[in-house]
Amino acid sequence: MGLDRRGDVVRHDGTDNRQREDLTRHAKPFDISKREVWEAYKKVKANRGAAGVDGQTIAEFESRLADNLYKLWNRLASGSYQPPPVRRVEIPKAGGGVRPLGIPTIADRVAQTVVKQRLEPQLEPCFHPDSYGYRPGRSAHQAVAAARERCWQYAWVLDLDIKGFFDSIDHALLMKAIRHHTKCKATLLYVERWLRAPVSLADGATQQRDAGTPQGGVISPLLANLFLHYVFDEWMRRSHPGVPFERYADDVVCHCRTLDEAQALKAALEERMTQCFLVLHPQKTQIVYCRDGNRKGTYSVYQFEFLGYCFRPRFARSRAGVVFLGFLPAISPTAAKAIRQTVRRWRLHCRHTTELADMAREINPVLKGWLNYYGRFYRSALHAVFDSLDQYLVRWVRRKYKRLKFKVSRARELVVKIRHLRPNLFAHWALAQDGGQ
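Quick notes on the rules
In every chain, residue numbers begin from 1 and rise along the written sequence. Under the rules for a predicted model, residues below a pLDDT of 70 receive no local features and side-chain atom pairs below 80 are neither given nor counted, while totals for whole chains, interfaces and linings still include all residues. Values reported for side chains reflect all heavy atoms of the structure, with hydrogen atoms and water molecules removed beforehand. Residues belong to a common nonpolar core when they are buried Ala, Val, Leu, Ile, Met, Phe, Trp, Tyr or Cys residues joined through side-chain atoms within 4.5 Å. Burial status follows relative accessibility: with a 1.4 Å probe on protein chains alone, a residue under 20% of its type maximum counts as buried, one over 50% as exposed, and anything between as partly exposed. Secondary structure is summarised from DSSP: a helix means a run of H or I of at least four residues, a strand means a run of E of at least two, and numbering begins at the N terminus for each. Contacts are residue-level and defined by heavy atoms, with any inter-residue pair within 4.5 Å sufficient. Lining residues are those with an atom within 4 Å of a point, where the points come from a 1 Å grid over the protein atoms alone and group into cavities, where a 1.4 Å probe fits but cannot get out, or pockets, open sets with protein on both sides within 12 Å along at least five of seven lines. Grid points are joined across faces, edges and corners, and a volume is the space filled by probe spheres set on the points. Polar here means any residue other than Ala, Val, Leu, Ile, Met, Phe, Trp, Tyr, Cys and Pro, which are nonpolar, and Asp, Glu, Lys and Arg, which are charged; Gly is therefore polar. Pairs of strands are assigned from DSSP output, requiring at least two bridges between the strands.

Draft legend 1. How the structure looks around the nonpolar core. Phe232 and Cys254 are the most contacted members of the largest nonpolar core, which totals 66 residues. Looking at this core, the element that brings in the most residues is helix α10 (residues 220-239), giving ten residues. For Phe232, the contacting residues outside a window of four places in its chain are Leu160, Phe245, Arg247, Val252, Cys254, Leu269 and Met273.

Draft legend 2. Just unusual backbone geometry, in detail. Positioned with a positive phi, Leu307 is a non-glycine residue whose angle comes to about 55°. Tracing the backbone through its elements, the reader meets Leu307 in the loop between β11 (304-306) and β12 (309-317). Although it is not a glycine, Arg347 sits at a positive phi angle of roughly 50°. Examined against the element boundaries, Arg347 turns out to sit in the loop between α12 (333-346) and α13 (356-374).

Draft legend 3. Fine view of empty space enclosed by the protein. Following the criterion strictly, the structure yields two cavities of 30 Å³ or more and no others. In this model, the largest cavity occupies a volume close to 80 Å³. Looking at the largest cavity, it is lined by 14 residues, and the ones nearest its centre are Val86, Gln112, Trp194, Pro214 and Ser220. For the lining of the largest cavity, the secondary-structure elements that each account for two or more residues are α5 (106-123) and α9 (185-196). Residue composition of the lining of the largest cavity, grouped by class: nine nonpolar, four polar and one charged. There is about 30 Å³ of room inside the second largest cavity. Elements with a contribution of two residues or more to the lining of the second largest cavity: α14 (382-400) and α15 (408-421). Per-element accounting of the lining of the second largest cavity gives the leading share, three residues, to α14. Broken down by class, the residue content of the lining of the second largest cavity amounts to seven nonpolar, no polar and no charged.

Draft legend 4. Focus on the sheet that holds strand β3 (residues 86-92). Read from one edge to the other, the open sheet built from four strands follows the order β4-β3-β6-β7, with strand pairing classed as mixed. Strand pairing shows two members of the sheet lacking a second neighbour, β4 (98-103) and β7 (206-207), which therefore form its edges.

Draft legend 5. Region of the structure containing the layout of surface pockets. Here the largest pocket is characterised by a volume of approximately 1,700 Å³. Forming the walls of the largest pocket are 46 residues, and the residues nearest its centre are Lys93, Arg99, Asp161, Asp250 and Asp251. Looking at the lining of the largest pocket, the elements that each hand over two or more residues are β3, β4, β5 (156-161), α7 (165-168), β11, α12 and α13. Ranked by the residues each element gives to the lining of the largest pocket, the list is headed by α12, at five residues. Tallied by class, residues from the lining of the largest pocket come to 23 nonpolar, 13 polar and ten charged.

As structure tokens, this is what we get:
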């Protein structure tokens, strides 16, 4: 053997590595390349994530990377790959209750990414322009901006909540939709296997699934979007073409002209969901009146939450300086409470041996994330949210400097002085500079 000019190994029979891989691929039932598996692995590594049911971390997977990727490719290409059980993890919801997440193994995440990379380009052109969730080039901010503009145009909103959506997706209907878009046998085989993969519970028991797709799986958001594309998006386009909406995964807002139209749409959607083995949440699905300075009618509900923002009547100032009442989004009470709870868990006041600059360096990435997301609309609402953080900094000062232990006002003055001298030290201090607008 020797090397050719490209650096590939050349065997005595004249074949190089690339030719050998082509021959190997054609010998397999499914045309899946090693390059696809490698590119999928790089995406999984970049996204990081917890270990699955086998306990294997990214670092452990990497310790035998070539061997692990080769085995995975061989099984995927031969049709012998069987997904392991998905590890169930329950995440507390901000509003109470828990959200069940399914954590696949590292190898399974790579396998799902391979199939997702094949399926997504086929599905993406078919999706509705007002479907924003988990799609390339689309974001939650775009969905919130569209909802804000339409709330100015339409007086009524139907705020939808599908009860246990990810756990309720009907497998037969979903597979029917996938077969409509692809004839790739590998995609159809492995998607069906992932849908049927059992769940490993915290007590070690294994639970079989006959519906749903694990929330937390790599391919699950794409499958969920496809399912709701036919259950909701296409149905709305055919049955209610005059009702605009924004959908982010299973979080949906519909805009109606009148209360009667909203009530009729709600009744029709309840029937539609039943036909597709889904249920609208009876308490969380609601009709909302988008009251502002020009709409004088009355109704029992004036606000709704969408993607971490609360839409309700708020006073604002126009570019001409005129104060008006508009129906506007700002950080929701639920999201604000979650931020305050996180800040409380940091226990900054107990870290008086840590320098302020070190503390800021540690928490600023999180603060910037909150500011970038919740500061896009009605930014001034964040002042009250981050006030609790400044209170912890005051307590830090009182512990750091013994002479200020019982002098709260002096400690507060010192924090204000530091903020003026070093306005960029903590990320949230930028609110004071831009006025929070």
